[in-house]
Amino acid sequence: AQKVTQTQTSISVVEKTTVTMDCVYETRDSSYFLFWYKQTASGEIVFLIRQDSYKKENATVGHYSLNFQKPKSSIGLIITATQIEDSAVYFCAMREGGNNNRIFFGDGTQLVVKP
Amino acid sequence: GPKVLQIPSHQIIDMGQMVTLNCDPVSNHLYFYWYKQILGQQMEFLVNFYNGKVMEKSKLFKDQFSVERPDGSYFTLKIQPTALEDSAVYFCASSSGDQNTLYFGAGTRLSVL
């Protein structure tokens, strides 16, 4: 079973609007860590934001914020005031606690921001 | 943010030959990883490495694959011999702790002919 699921394959928005990308995860660990990365057209993978499972407050960094709904095992990424350069593939990822420190990635969501 | 460097950016090699992919992780990081990505699809975990040892490896980490980081130099992924299905982009990542964020290099595109 896939540990991290992103159901949206592609999203297109007009610049300066707000977009939300969905992600659900599966784990039995009580402690885990959630991440969002973006992959640019050049292939570079850039870390954006993280949420630790024990933190109740949603993480915010710049114009990225998270909608962490622990009972639903959901960690949505919200981008406000989108810009053309936000166009990329966005990957949700999870790292479980304990000795297993690999991170699992979702399939990614392609975001296209149009003028 | 912290930078992970990967050398080379693109490697073309004939099937059956050996290839070594090099990664220069962030200087104070202790955990190292290799991921494989085919055609911009999902990032697939290969292996992680800590304190000179493989901690965990996936089914994709075939017997022909090996990793090492001799004396704090490059963290390397060696494939010997290469196969056509090894063609992919290989991403190196590092983190400072086992609960910390992974930072990725720009990837090495491996083309096996």
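Refer to the structure printed above.
What comes next concerns the included structure.

Conventions and cut-offs
Residues numbered from 1 in each chain as written. Chains lettered and ligands numbered in written order. Predicted model: local features only at pLDDT ≥ 70, side-chain atom pairs only at ≥ 80, totals over all residues. Heavy atoms only, no water. Disulfide = S-S within 2.5 Å. Helix = DSSP H or I, 4+ residues; strand = E, 2+ residues; numbered from the N terminus. Buried < 20%, exposed > 50% of the residue type's maximum accessible area, 1.4 Å probe, protein only. Contact = heavy atoms within 4.5 Å. Buried area = accessible area lost by both parts, 1.4 Å probe. Salt bridge = Lys/Arg side-chain N within 4 Å of Asp/Glu carboxyl O. Polar contact = N/O pair within 3.5 Å; in protein donor to acceptor, adjacent residues only side chain to side chain. Pairing = 2+ DSSP bridges.

On to the state of the cysteines. Applying the stated rule across the entire model yields two disulfides over all chains. Disulfide partner of Cys23(A): Cys92(A), at an S-S distance of 2.0 Å. Its S-S torsion of approximately -75° makes the covalent link between Cys23(A) and Cys92(A) left-handed. Of this pair, Cys23(A) sits in the loop between β3 (19–21) and β4 (24–25) while Cys92(A) sits in strand β10 (residues 88–96), placing them 69 residues apart in sequence. For the pair Cys23(A) and Cys92(A), one class covers both residues: buried. The disulfide that involves Cys23(B) links it to Cys92(B), with 1.9 Å between the sulfurs.

Another aspect to go through is the interface of chain A and chain B. Across the boundary between the two partners, chain A contributes 20 residues, which contact 24 residues of chain B. Between chain A and chain B, roughly 1800 Å² of surface is buried when both sides are summed, and carbon and sulfur atoms account for 47% of that area. By the criterion of area lost to chain B, the three top residues of chain A are Ile45(A), Asn101(A) and Arg102(A), representing 31% of everything that side buries. Along the contact surface separating chain A from chain B lie one salt bridge. In this structure, the salt-bridge partner of Arg102(A) is Glu56(B), at a minimum N-O distance of 2.9 Å. Joining chain A to chain B, the criterion identifies nine residue pairs in polar contact (both at pLDDT 80 or more). For the side of chain A that touches chain B, the secondary-structure elements that each account for two or more residues are β5 (32–39), β6 (45–52), β10 and β11 (103–105) of chain A. With four residues, β5(A) is the largest single contributor of residues to the side of chain A that touches chain B.

This paragraph deals with the pairing of strand β8 (residues 75–79) of chain B. Residue and element names in this part refer to chain B. Most of β8 is tucked away: four of the five residues are buried. Looking at chain direction, strand β3 (residues 19–24) and β8 are connected through five bridges and run antiparallel. Directly across from Cys 23, in β8, lies its bridge partner Phe 75. For strand β7 (residues 65–68) and β8, the ladder comprises four bridges, and the chain directions are antiparallel. Bridge pairing in β8 places Val 67 opposite Leu 77. Hairpin connection between β7 and β8: a loop of six residues separates the two successive antiparallel strands, and Asp 71 in this loop has a positive phi of roughly 55°.

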